[in-house]
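Overview (structure and organization)
Okay, here's what each chain looks like letter by letter:
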Amino acid sequence: RIRSTFAMPVQHDTIAPHNSHHVAASAEIKESDAEYLAKHNIRALMADMVQEIVVAKPVSPVQFMIDYLAVGSSLCQQDKHGLSMMRRARLMKIFKAWDKNQDSTVDLRELRAFTRKHGGNAVTQDELKDIFMDMDESGDSKVDEDEFLKFFSLSVKRMDDDEFEQMIQDMLQ
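Glancing now at empty space enclosed by the protein. All told, the structure shown has 1 cavity of 30 Å³ or more when counted by the stated rule. Reported here for the largest cavity is a volume of approximately 80 Å³. Residue classes in the lining of the largest cavity are distributed as 2 nonpolar, 6 polar and 2 charged.

Okay, structure coming up:
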């Protein structure tokens, strides 16, 4: 809970009597908050994070802040699709698992082989083909890394890190 340190100034009603206990308690809270912020160097952390946001201009600033606090500044940098370097690296493991012939593209045959091997009963072959066609923006019957990352960036945008990691684990099982 964010307390008085970040709260807007309170306008006291002129009808209500001034309560000295409330003022003392409020001062104690402010002092406690200031001590906490100083002890954990929060002001510097937030200033550094805001500076990184201004410089990086991430596609998804909120996800950037979450990743910055969770994994640090180097892994929270985002690609053009708004994926942090951490999420991008995890998704590329999936892509490489799909790309059996290692030509940096995935065709429908490779995707079908992967889903069969990894318990792909969740979707029908027609649904899988539709998903593939959604990924293949160029229409060349191959999904390259950029198409793959763009497709998944839309899917994982609202996932927290635990949900994202579970999705990755499920896909690699």
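This is not the end of the story, as more comes after the structure.
Note that side chains of opposite charge can pair when their charged atoms are close. Across all of its chains, the model carries 7 salt bridges by this definition. Salt-bridge contacts for K80 lead to D146; the nearest nitrogen and oxygen are separated by 3.3 Å. In this pair, K80 is assigned in the loop between α4 (73-76) and α5 (85-98) and D146 in helix α8 (residues 145-156), connecting sequence segments 66 residues apart. Classification of K80 by relative accessible area gives exposed; the value is 62%. Notably, a salt bridge pairs R109 with D107, separated by 3.6 Å at the nearest N-O pair. Overall, D107 belongs to the buried group, its relative accessible area being 16%.

With that settled, consider the packing of aromatic side chains. Per the counting criterion, the structure on display carries 7 aromatic pairs. Its end group placed over the ring of F164, R87 keeps NZ or CZ at 4.6 Å from the ring centre.

This part covers the side chain of S84. Among the secondary structure elements, S84 is positioned in the loop between α4 and α5. For S84, a relative accessible area of 1% gives the class buried. Engagement of the side chain of S84 in a polar contact is seen with the side chain of D67, the distance being 3.3 Å. There is a polar contact of 3.1 Å between the side chain of S84 and the backbone nitrogen of R87. Setting aside residues no more than four positions away along its own chain, S84 makes contact with D67, L75, C76, Q77 and Q78.

With that out of the way, let us pick up the environment of L75. On the secondary structure map, L75 appears in helix α4. Spatially, the C-alpha atom of L75 lies 9.5 Å from that of F64, the residues being 11 residues apart in sequence. In this view, L75 contacts S84, M85 and M86; residues no more than four positions away in its chain are not counted.

This part is about a negative patch on the surface. On the surface, D126, E127, D130 and D134 cluster together into a negatively charged patch. Structurally, E127 can be placed in helix α7 (residues 125-135).

Here the focus is the packing of α7 against α8. Look at α7 against α8: their axes get within 9 Å of each other, and the N-to-C directions meet at 110°. Classified by the angle between their axes, α7 and α8 sit roughly perpendicular to one another. Contacts from I131, D134 and M135 in α7 reach E147, F148, F151 and F152 in α8. Classifying every residue of the contact of α7 with α8 by side-chain character gives 5 nonpolar, no polar and 2 charged.

Attention shifts here to the nonpolar core. Grouped together as the largest cluster of nonpolar side chains are 23 residues, with contacts concentrated most on L91, W98, L111, M135, F148, F152 and M167. Contributing elements (two or more residues each) for this core: α5, α6 (108-117), α7, α8 and α9 (161-172). Here this core gets 6 residues from one element, more than from any other, and that element is α5. Judged by nonpolar contacts, the second largest core, of 5 residues, contains M49, I53, F64 and Y68.

The rules behind these values
Residues numbered from 1 in each chain as written. Predicted model: local features only at pLDDT ≥ 70, side-chain atom pairs only at ≥ 80, totals over all residues. Heavy atoms only, no water. 1 Å grid on protein atoms, 1.4 Å probe; cavity = no way out; pocket = protein on both sides within 12 Å on 5 of 7 lines; lining within 4 Å. Points joined across faces, edges and corners; volume = space filled by probe spheres on them. Nonpolar A, V, L, I, M, F, W, Y, C, P; charged D, E, K, R; others polar. Salt bridge = Lys/Arg side-chain N within 4 Å of Asp/Glu carboxyl O. Helix = DSSP H or I, 4+ residues; strand = E, 2+ residues; numbered from the N terminus. Buried < 20%, exposed > 50% of the residue type's maximum accessible area, 1.4 Å probe, protein only. Phe/Tyr/Trp six-rings, centres within 6.5 Å; stacked < 30°, edge-to-face > 60°. Lys NZ or Arg CZ within 6 Å of the ring centre and 35° of its normal. Polar contact = N/O pair within 3.5 Å; in protein donor to acceptor, adjacent residues only side chain to side chain. Contact = heavy atoms within 4.5 Å. Patch = residues over 30% accessible without salt bridge, like charges linked within 9 Å, V, L, I, M, F, W, Y side chains within 5 Å. Areas by Shrake-Rupley, 256 points an atom, 1.4 Å probe, with all protein chains shown as cover. Lys, Arg positive; Asp, Glu negative; His and termini not counted. Charge placed at Lys NZ, Arg CZ, Asp CG, Glu CD. Axes fitted to C-alpha atoms, helices over the stretch in contact; angles between N-to-C directions. Parallel < 35°, antiparallel > 145°, perpendicular 65-115°, else oblique. Core = buried A, V, L, I, M, F, W, Y, C linked by side-chain atoms within 4.5 Å.

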